[in-house]
Amino acid sequence: MRIRATVAAVSGALALSALAVPAAQADGSVSRADVAKVREAGQAASGKSAFSASAAAVAEPYVLNASFSNIKVNNGRSIVAGTTGKLTVPITYTLTHGADVDIAAEDFFTDVELYYGTTYIDSEFGLFGDDWASCKAVSATVANCTQSIVISPSEDLFNETAGKWKAYAYAIAWNGQDLSSDDFDVTKVGYVEKDGIAGPNLLRHSRLTVNATPEPVKKGKTITVTGKLTRANWDAGNYTGYASQPVKLQFRKNGTSTYTTLKTIKTTTTGDLKTTVKANVDGYFRYVFAGTATTAALGSATDFIDVK
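Scope of this entry: the structure provided in the associated data block.

Rules of the game
- Residues numbered from 1 in each chain as written.
- Predicted model: local features only at pLDDT ≥ 70, side-chain atom pairs only at ≥ 80, totals over all residues.
- Heavy atoms only, no water.
- Salt bridge = Lys/Arg side-chain N within 4 Å of Asp/Glu carboxyl O.
- Helix = DSSP H or I, 4+ residues; strand = E, 2+ residues; numbered from the N terminus.
- Buried < 20%, exposed > 50% of the residue type's maximum accessible area, 1.4 Å probe, protein only.
- Polar contact = N/O pair within 3.5 Å; in protein donor to acceptor, adjacent residues only side chain to side chain.
- Core = buried A, V, L, I, M, F, W, Y, C linked by side-chain atoms within 4.5 Å.
- Phe/Tyr/Trp six-rings, centres within 6.5 Å; stacked < 30°, edge-to-face > 60°.

Things to note about the pattern of salt bridges
Inspection of the entire model under this criterion finds four salt bridges. The closest approach of N and O atoms between Glu 113 and Arg 32, which form a salt bridge, is 3.6 Å. Residue Glu 113 is found in strand β6 (residues 108-116), and its partner Arg 32 is found in helix α1 (residues 32-46); the two are separated by 81 residues along the sequence. Judged by relative accessible area, which is 2%, Glu 113 ranks as buried.

Structural notes on the side chain of Ser 206
As for its position among the elements, Ser 206 is in strand β12 (residues 206-213). Here the side chain of Ser 206 touches Ala 296 through a polar contact of 2.7 Å, landing on its backbone oxygen.

Some points on the nonpolar core
In terms of nonpolar packing, the biggest core is built from 37 residues, with Leu 64, Phe 68, Tyr 93, Phe 108 and Leu 127 touching the most fellow members. Taken together, the elements giving at least two residues each to this core come down to β3 (66-73), β4 (79-81), β5 (87-97), β6, β7 (125-127), β9 (142-151), β10 (163-173) and β11 (190-204). At five residues, the largest contribution of residues to this core is made by β10. Within the second largest apolar cluster, 20 residues are counted, among which are Ile 223, Val 225, Val 247 and Phe 289.

Overview of the packing of aromatic side chains
The tally for this structure, following the rule as stated, stands at 13 aromatic pairs. On the numbers, 5.8 Å between centres and 80° between planes, the contact of Tyr 115 with Tyr 120 is edge-to-face. The pair Tyr 115 / Tyr 120 is uniform in exposure class, with both members buried. With 3.7 Å between their ring centres and 10° between their planes, Tyr 120 and Tyr 168 make a pair best called stacked. A residue pair is termed long-range when its members are at least 10 positions apart, and Tyr 120 in the loop between β6 and β7 and Tyr 168 in strand β10 qualify at 48 residues. Given a relative accessible area of 4%, Tyr 120 falls into the buried group.

Written out as structure tokens, the structure reads:
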């Protein structure tokens, strides 16, 4: 599910620093919009993006005695997204808390969200799950938490957000307080957050083809090797050519397992590849793309050439 501050009309959208649109309900009575209201109360009181033990006059939640560590998104691997289907991204982390914090309470929630930008509060692009994290106590003060975020590329991703993302973790203890009640007291709500956590690379999926001709070919004659490099265009929902990218042409002699790089060429403005080599022995050609900060690496399938 996406968050995009500039598109309030989009289903599931929620400004990270505003509350114009409710977030998806992960619990029957508490939403991320409710949490955001508490967060903003703390920001208004402290004048900071993170909560502090401020003595400001404006009422704010107290700092919950809890911290986050060992946060791992997608098992530490990059997230590679095409244009269709859905991706389930697992998230695990350790929650360490004071003995006075009841993580088993029905109104205790913790969560990790992903965002693209400098800070969580200023980001216009983010991803969160449909459910709060599930935490299992391993001691009186330590719990292992798990959750997942389901990404639908056609709805959630934009080309401009490919690259390095960050994570934002938080926990909230409502302690019996009802946000809709007339006697709601925000000072009795505990809240803690951690921003700027190293997150995953969210990359555009790529495709690479190869075709060596003619087949078969006489020894010493010229072989033409063509191909095409394309990548997921999240904005358009299709695959488009990736221009001006260096791609290696590699060859493996029949009966061996090692590839040798013959040359490196660049894709055209439409992502096309074309080069020539001399025919020497039977073997397999392939193209290999090393990837970029926004696009996943890959190698093409192989194409066998029979040299007569």
